[in-house]
Each structure stands twice: as structure tokens, then as C-alpha cells.
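Survey of secondary and tertiary structure
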Amino acid sequence: MAITDGRKRAYAWMMGACLTLFVLAGLVVRHWSTPLAIAMCVVAALLPPAAAMVANTGALADHRPPPEPPDPDR
């Protein structure tokens, strides 16, 4: 079973926020406040692992082994 739509959507939003933070920090914010741009980059660097954890939450529950076939000797 694939990643559920909700987890896929949350992953996409978090990765989009990561990209947005990096771009804004590097192109816009650094002109006004270097410490704020660095803080934005630090937050953006922490988002991908968090996004991966969100995307993989419940992955084991989605991949349960199939039930065993009935025993023909019974």
C-alpha cells in the first residue's frame, strides 16, 4: 500500500516550506538581517527529517503481512 494522501500532502507542504525558507533567506532576508536569514536556514535544514518522519508515520501499519492460508490438514 502506498503512502496515504494525507501523509503525502503533509510531506509536500513541509518540503515546500523548506524550499521557501531557503530561497527567502538567501535572496531577500539576508539584505536586512543576516542573523534572521541564518535562523531561517537552520529551521529549513530541520524540516526535511521532520517531513520524512511525518511521511513514514504508520508505514508499518500499512504493510501488514497477508493472513496465512488455512491449514489443509484441519
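Quick note: structure is the one above.
These lines cover the structure that appears in this document, whether it is placed above or below. Treat the numbers as computed from the prediction; the structure is a model and nothing was measured.

The rules behind these values
Residues numbered from 1 in each chain as written. Predicted model: local features only at pLDDT ≥ 70, side-chain atom pairs only at ≥ 80, totals over all residues. Heavy atoms only, no water. Helix = DSSP H or I, 4+ residues; strand = E, 2+ residues; numbered from the N terminus. Buried < 20%, exposed > 50% of the residue type's maximum accessible area, 1.4 Å probe, protein only. Areas by Shrake-Rupley, 256 points an atom, 1.4 Å probe, with all protein chains shown as cover. Axes fitted to C-alpha atoms, helices over the stretch in contact; angles between N-to-C directions. Parallel < 35°, antiparallel > 145°, perpendicular 65-115°, else oblique. Left-handed = near helix turned anticlockwise from the far one by under 90°. Nonpolar A, V, L, I, M, F, W, Y, C, P; charged D, E, K, R; others polar.

**What about the overall build of the protein chain?**
Each helix and strand counted, the protein chain has 3 helices and 0 strands in total. Ordered by position from N to C terminus, the α and β elements of the protein chain give α-α-α. Within the protein chain, the proportion of its 74 residues that are buried is 14%. In the structure as shown, the protein chain presents an accessible area of about 5900 Å², 71% of it carried by carbon and sulfur atoms.

**Quick notes on the packing of helix 1 (residues 5–27) against helix 2 (residues 34–56)**
At a minimum axis separation of 8 Å, helix 1 and helix 2 run at an interaxial angle of 165°. In this view, helix 1 runs roughly antiparallel relative to helix 2, as classed from their interaxial angle. Once helix 1 is placed against helix 2, the crossing between them reads as left-handed. Residues belonging to the contact of helix 1 with helix 2 are distributed by class as follows: 23 nonpolar, 1 polar and 1 charged.

**What about the environment of Leu27?**
Mapped onto the elements, Leu27 comes out in helix 1. As for Leu27 and Ala37, which are separated by 10 residues in sequence, their C-alpha atoms are 9.3 Å apart.

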